[in-house]
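Summary of structural features
Here is what each chain is made of, one letter per residue.
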Amino acid sequence: MDANRSALIALTALAPVSWGSTYAVTTEFLPPDRPLFTAVLRALPAGLLLLALARALPRGVWWGKAAVLGALNIGAFFPLLFLSAYRLPGGMAAVVGSTGPLFVAGLSLLFLGDRPTLRTLLTGVAAALGVSLVVLKAAGALDPVGVLAALASTASMSTGTVLTKRWGRPDGIGPLALTAWQLTAGGLPIAPVALVAEGAPPALDGRAIGGYLYLALANTAVAYWLWFRGIGRLTATQVTLLGPLSPLTAAVIGWAALGQALTPVQVAGMTLAFGATVFGQLRVRPAAAVPLPAAAGSAPLVREPAGAPRAPLVREPAGAPPPERNPRPRRIPYGVGPAAPRTGTSPGVPRTGSSRTPPPAHGPVPPPGR
């Protein structure tokens with residue numbers, strides 16, 4: 001793995017690591033039971049700030065594409081994610097969210113034509129299993145609304161990731177503008193819904209203002225810019241396999257800052273999920289051609305890599321004579337064939353003024369008919 005690609009993966013990984021702090025910030029700094037209001041303050045201020053920095057608006061079909069991507073990655077994802085977190089016990093929402101790589105593998109086949117490999121599927125299953133060992137705890141019956149919301153949020157974010165990869169960016173537009181479009185388009189529809197469903201905004205103290213500033217700037221504006229930047233340069237599956245870092249970060253923050261203990265099973269799950277995340281970033285390279293020693297004066301032989309397609313064999317038709325091996329040039333009998341021009345009479349040969357001309361290279365030529 002080269003240094004530039006490693007730096008790109010590390011920067012992209014900062015996005016899910018930042019998202020892993022959302023739960024701790026929400027529970028410790030923000031007013032309770034205001035998921036839609038929190039979603040609005042996460043998305044809309046960040047989108048407007050990035051839009052002012054990018055100074056670029058969508059054009060043509062990109063008005064519709066930006067609206068679709070904003071709805072999938074922000075507008076639908078944020079409320080569904082908060083709804084599942086409020087209605088599901090423990091870390092069940094994080095477990096469902098960790099299946100994102102499997103969603104992306106199937107959607108990449110549908111929208112990008114990328115057939116998932118066995119390695120990709122096994123890595124996604126290992127990551128989801130590791131996350132489940134970390135955050136899943138024994139609880140009562142699961143709320144079906146919460147389960148459906150968790151599945152819908154994962155499907156929404158996965159679809160948005162794959163479509164972002166498929167559509168790319170318009171010419172001359174960077175990831176900063178694309179992020180601004182999506183955050184603004186996703187945050188605007190949530191605002192009236194939050195006002196109707198949750199009423200007027202609550203009174204905010206200093207802790208809440210600091211928490212919302214962190215969510216809007218570091219947790220959303222910077223994190224989503226790094227995320228969409230990574231989608232443009234990495235494969236959709238590679239980017240999504242970084243997603244399990246979010247619940248792992250939440251578990252580490254809960255252990256280090258909130259005094260939550262980690263059991264040996266949770267440590268094993270963290271190791272499994274983190275190993276699957278790292279393994280998913282490794283690039284599989286095809287076997288290179290291996291030159292074989294060749295005899296002096298001959299072209300070097302090259303061994304084809306395993307699995308390389310071979311040229312089809314061509315069969316000779318039935319009854320065809322076998323090809324000659326090492327055919328020798330046929331010698332023309334002496335005197336048979338076109339006669340050489342006579343000395344001094346060949347057309348195109350100027351006379352030098354001397355009656356004597358040099359003999360042919362093969363000796364005297366007999367007269368025709370002999």
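Anyway, here's the lowdown on the structure attached to this text.

Cut-offs applied
- Residues numbered from 1 in each chain as written.
- Predicted model: local features only at pLDDT ≥ 70, side-chain atom pairs only at ≥ 80, totals over all residues.
- Heavy atoms only, no water.
- Axes fitted to C-alpha atoms, helices over the stretch in contact; angles between N-to-C directions.
- Helix = DSSP H or I, 4+ residues; strand = E, 2+ residues; numbered from the N terminus.
- Parallel < 35°, antiparallel > 145°, perpendicular 65-115°, else oblique.
- Left-handed = near helix turned anticlockwise from the far one by under 90°.
- Contact = heavy atoms within 4.5 Å.
- Expected span 1.5 Å × (residues − 1).
- Bend = angle between axes of the 7 residues up to and from the residue.
- Buried < 20%, exposed > 50% of the residue type's maximum accessible area, 1.4 Å probe, protein only.

**A few points about the packing of helix 3 (residues 35-54) against helix 5 (residues 77-87)**
Put simply, helix 3 and helix 5 touch, their axes get as near as 9 Å, and they point 140° apart. Between helix 3 and helix 5, the crossing angle belongs to the class labelled oblique. As for how helix 3 packs across helix 5, the hand of that crossing is right-handed. Along its contact with helix 3, which presents Pro 35, Leu 36, Thr 38, Ala 39, Arg 42 and Ala 43, the element helix 5 presents Phe 78, Pro 79, Phe 82 and Tyr 86.

**Concerning helix 10 (residues 175-198)**
Compared with the 34 Å implied by 1.5 Å per residue over 24 residues, the 33 Å span of helix 10 between its first and last C-alpha is a close match. In helix 10, a bend of some 25° at Ala 191 exceeds every other bend along the element, and Pro 192, a proline, comes one to four places later. Count one or two residues on from helix 10 and you reach Gly 199, which has phi positive near 85°.

**Examining helix 9 (residues 144-167)**
One turn of the α-helix equals 3.6 residues, which is why residues spaced by three or four share an orientation. For helix 9, spanning 24 residues, the distance from its first C-alpha to its last is 34 Å, which sits close to the expected 34 Å at 1.5 Å a residue. Just past helix 9, the residue Gly 168 takes up positive phi, approximately 65°.

**Concerning the environment of Leu 262**
Its place among the elements puts Leu 262 in the loop between helix 13 (245-256) and helix 14 (264-279). Classification of Leu 262 by relative accessible area gives partly exposed; the value is 27%. In the structure, Leu 262 is positioned 11 residues away from Ala 251 in sequence and 8.2 Å away in space, judged by C-alpha atoms. Apart from the residues lying within four places of it in its own chain, the contact partners of Leu 262 are Ala 251, Trp 255, Val 267 and Met 270.

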